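Now for the letters of each chain:
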Amino acid sequence: MKKVVYTLLSVVLFISCQKKDKKQTDLITTPLQPVETAPVLKEFGYNLHEYTVVRDTIKSGDSFGAILDSHGINRAKVFEITNKVKDSFNVTKIVAGKPYTIFKSKDTTEKAQVFVYQNNKIDYTIIDFTDSIVARKEHKKVKLVEKSTVGTIESSLLQTFDDLDVSSTVAYKMADIYAWTIDFTRLQAGDRFKVIYNEKYIDDTIPAGIENIKAAYFEHRGKPIYSFSFIGDSINNAIDYYDENAKNLRRAFLKGPLKFNRVSSRYNLNRRIKYYGYKVKPHRGTDFAGPIGTPIMATADGIVTKSERRGGNGKYVRIRHNGTFETQYLHMSKQAVKVGDFVRQGDIIGYIGMTGNTGGPHVCYRFWKNGKQVDPFRQDLPASKPLEEELQPKFFEHIAPIRSTLDSIHFKSDEILL
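What you are looking at is a predicted structure, and each value in this text was computed from that prediction instead of being measured.

Colleague: I'm lost on the overall build of the protein chain in this one. Help?
Modeller: Helix and strand content of the protein chain: seven helices and 24 strands. When the 418 residues of the protein chain are sorted by exposure, 37% land in the buried category. Restricting to contacts in the protein chain with at least 6 residues of sequence separation, those with at least 24 account for 59%. Approximately 25600 Å² of the protein chain is accessible, and the part contributed by carbon and sulfur atoms is 52%.

In structure tokens, the structure reads:
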């Protein structure tokens, strides 16, 4: 009997020890549950949890000082900030419609500490006056996504892109590339195109515009015309478009300085004006009419040598294109370039106005050849500068895979035949 009791006690003790060991093992091997912490949310480099964040848009009549004043910054401080950052950010140039963000302290004062002005979807300016006053220009990270589209003209180029649900910016950029080889006002039904371009995205999802066209193929009246982007001017890092034989698609000069040119007065050395008693008053320029504010374009690549206001010329810009040719653009409402700037053909250099001696809004376009003012419409103007021979091997190597990609994109009509 005693033996049985001892045996039972031994079994009970063994089982209890097993349970105890199991509990201890469970206690040791059970992983610790991670402590959940709120994710750190940042914008413009600032931790959103550390500030009271105010988002708004510049409204008509708003001023930098008034905005900061409404967020606890007194006039003396505003004046100090304005003077401190004037070389990097002109506070008088803030534009209605642009968004801004203010980071305010989370204490009882709720004073503004940081002002962020969004110049566009990508670029922004930070003015941080938490301790010392600092202004810096930044930009959001942008991802380039290569895209392609193919289409056949039925009515117009813009309508075709609209039907394809592709940004009209691509159409305009393509029209600029082929401006001297295709008359886009005379497209025919059946003309067709293929285009490869880069689109910009913020945070991988937010479209931020078209960066550039890499290559295109346009079949006009049955004639195929390739175009490939390539940096042919390494000094100014300027991109041009060339066909498959490395020939430049541009001409040296545009026909006029406006997007849609309407000549209101031609170059005329025998012009007589009633106001001056019909005396001969030579007109050594060509007037292109347009509403005040119409953008004025450089008709060719060159260096800005004058950007000033003087006498009857009003506000004007003068550009030296090479040792032979210069152009001048008079009566601007304002200039968009300064002396020393390098401008590309088609760049906006100013806007139509009525400054100086003028009876209506227009740009007087003057053209010099070898130091003498001449009629641009009577000149045998040169073609654009060809691609340097030493760059051509690199060009052909560059376009080979791109052309292969273009050629592998099929038109729907061709797919049916296949």
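Here the narrative resumes.
Colleague: How do you make sense of the sheet that holds strand β6 (residues 123-128) when you look at a structure like this?
Modeller: Across a sheet, strands are paired by hydrogen bonds formed along the backbone, either parallel or antiparallel in direction. Taken in spatial order, the five strands line up as β3-β4-β5-β6-β7 in an open sheet, and their pairing is antiparallel. Of all the strands in the sheet, just β3 (52-57) and β7 (134-139) have a single pairing partner and so form its edges. Pairs of neighbouring strands in the sheet enclose a mean axial angle of 20 degrees, with direction left out of account. Of the pairings in the sheet, the one linking strand β5 (residues 112-118) to β6 comprises five bridges and is antiparallel in character. Bridged to Phe115 within β6 is Ile127.

Colleague: Help me understand the pairing of strand β4 (residues 99-104) in this model?
Modeller: Both faces of the sheet carry side chains from a regular strand, because those side chains alternate between them. Of all the six residues making up β4, five are buried; the element is thus mostly covered by neighbouring parts of the structure. In this sheet, β4 lies alongside β3 in antiparallel orientation, the contact comprising six bridges. Looking at the pairing, Arg55 lines up with Thr101 of β4.

Colleague: Please clarify how the environment of Gln159 should be interpreted in this entry.
Modeller: Looking at where Gln159 falls in the secondary structure, it is placed in helix α4 (residues 157-164). When its relative accessible area of 34% is taken as the criterion, Gln159 is described as partly exposed. Taking the C-alpha atoms as reference points, Gln159 and Ala171, separated by twelve residues in sequence, lie 9.7 Å from one another. A distance of 2.8 Å separates polar atoms of two side chains, one belonging to Gln159 and the other to Asp163.

Rules behind the numbers
- Residues numbered from 1 in each chain as written.
- Predicted model: local features only at pLDDT ≥ 70, side-chain atom pairs only at ≥ 80, totals over all residues.
- Heavy atoms only, no water.
- Helix = DSSP H or I, 4+ residues; strand = E, 2+ residues; numbered from the N terminus.
- Buried < 20%, exposed > 50% of the residue type's maximum accessible area, 1.4 Å probe, protein only.
- Contact = heavy atoms within 4.5 Å.
- Areas by Shrake-Rupley, 256 points an atom, 1.4 Å probe, with all protein chains shown as cover.
- Pairing = 2+ DSSP bridges.
- Axes fitted to C-alpha atoms, helices over the stretch in contact; angles between N-to-C directions.
- Polar contact = N/O pair within 3.5 Å; in protein donor to acceptor, adjacent residues only side chain to side chain.

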